[in-house]
Amino acid sequence: MDHKDVQLRKYLYDEGIDPDLRRLIHAISVASKYISGKINEANRKLAGTRNASNEEQLELDKLSDLILSDTVGELDYIGEYASEERDETLVLNNPHPKYSVTIDPLDGSSLVDVNLSIGTIVGIHYGKTVLKHGRNLAAAFYILYGPLTTLVYTSGQGVCEFVLNPEGEFVLAQKNITIKEKGKIYSPGGLKKSWTDEHKEFIERLENEDYKLRYSGGLVPDVNQILMKKGGIFSYPALKDAPEGKLRLLFELQPLAFILEQAGGMATNGRIDILDIPVNSLHQRSPIYIGSKYEVNLFKEYLK
Ligand code: F6P
């Protein structure tokens, strides 16, 4: 594989993206091809360690983190590399940091053994630190490892999708992806018995409006489904025993919120847009309601 990725690079060039940001995005996209290969190698082995969120790590989680940290670390204009698999950020000590990167190297990796789709989520912030609200993002994308490996990207000029072809090139599949005001599917996370009353009522309302249930347990494929089916809602709510929910603001929610907003959707914790939530800590969590405007605004009504 010589990783020309002509279409991906041309797309970024045509968007007028800064050459350093282009190099960074392309470098991570190339790294994701190796990760895709590793996933195919029946990697079900546990690493015997736990990550910052006390989740069991697969060897594959650690390997993906290593591939990505090495890739990002080679660029001399990156401030911090922050990974969901690490307790602390990796400060790269470059003299003129332009961008900092958040990565969830292999989100949903507990689904590897059952052969469901998983993903890598990337957020690229301006400046020397990642501890910034989501409006500071220069670009965000995810790579979805499914029957097809796809890369869905935004830098604030709309959303596009690239597909990894059999020759190992990311080729443009769709641009200007948008979702409708109202969708037909819902994807509800969290144990039902731990849901709050307002969340329970909201979900019942969706069911009464004939929304179809679509929940795989993988954030990337579940949100991707809403994007590709052009509407609907994914939620991971505040729980009675976990008021901040489960999902991580920097590694998971900010990048996906940026993409969905760019596609004409919304993402909120119920009170404030995900991209506006002040950041206090690296592994901060937040509830999330993300998808079409009708459904997200409907939940806000229940919270009142
Ligand atoms: O954060 C990891 C993750 O696996 C997400 O990909 C997914 O949306 C969520 O957790 C699933 O959580 P649960 O197992 O509680 O449904």
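Our subject is the structure that appears above.
Since the structure is predicted, the reported quantities are computational estimates derived from the model, not experimental observations.

Undergrad: How do you make sense of the overall build of the protein chain when you look at a structure like this?
TA: Along the backbone of the protein chain there are seven helices and 15 strands. Structurally, the protein chain occupies a C-alpha span of about 50 × 40 × 40 Å along its principal axes. For the protein chain, with 304 residues in total, the buried portion stands at 57%. Within the protein chain, counting contacts between residues at least 6 apart in sequence, those at least 24 apart form 63% of the total. Put simply, the protein chain shows about 13300 Å² of open surface, and 49% of that area lies on carbon and sulfur atoms. One finds the centroid of the 36 positive side-chain charges in the protein chain at a distance of 4 Å from the centroid of its 43 negative side-chain charges.

Undergrad: Explain the environment of S187 to me, please; I cannot follow it from the model alone.
TA: Within the secondary structure, S187 sits in strand β11 (residues 185-188). The exposure class of S187 is buried, given its relative accessible area of 2%. Distance from S187 to A82, taken between C-alpha atoms, is 28 Å for residues 105 residues apart in sequence. Sequence-distant contacts of S187, defined by excluding residues within four places in its chain, comprise R214, Y215, D222, I233, F234 and S235.

Undergrad: Looking at this structure, how should I read the nonpolar core?
TA: What tends to happen in soluble globular proteins is that the nonpolar side chains get buried as a cluster. Within the largest apolar cluster, 52 residues are counted, with the highest numbers of intra-cluster contacts made by L227 and F234. In terms of residues, this core owes the most to one element, helix α6 (residues 249-262), which gives nine residues. Structurally, this core is a two-domain feature, drawing no fewer than three residues from each of domain 1 (6-174) and domain 2 (185-303). Excluding its chain neighbours within four sequence positions, the residues that come into contact with L227 are Y142, V152, V159, I177, I179, I259, L260 and A263. One finds I25, I103, V112 and Y145 within the second-largest nonpolar core, a separate group that totals 41 residues.

What counts, and at which threshold
Residues numbered from 1 in each chain as written. Predicted model: local features only at pLDDT ≥ 70, side-chain atom pairs only at ≥ 80, totals over all residues. Heavy atoms only, no water. Helix = DSSP H or I, 4+ residues; strand = E, 2+ residues; numbered from the N terminus. Buried < 20%, exposed > 50% of the residue type's maximum accessible area, 1.4 Å probe, protein only. Contact = heavy atoms within 4.5 Å. Areas by Shrake-Rupley, 256 points an atom, 1.4 Å probe, with all protein chains shown as cover. Lys, Arg positive; Asp, Glu negative; His and termini not counted. Charge placed at Lys NZ, Arg CZ, Asp CG, Glu CD. Core = buried A, V, L, I, M, F, W, Y, C linked by side-chain atoms within 4.5 Å. Domains from an automatic or database assignment.

Any link to function would need more than the numbers given here.
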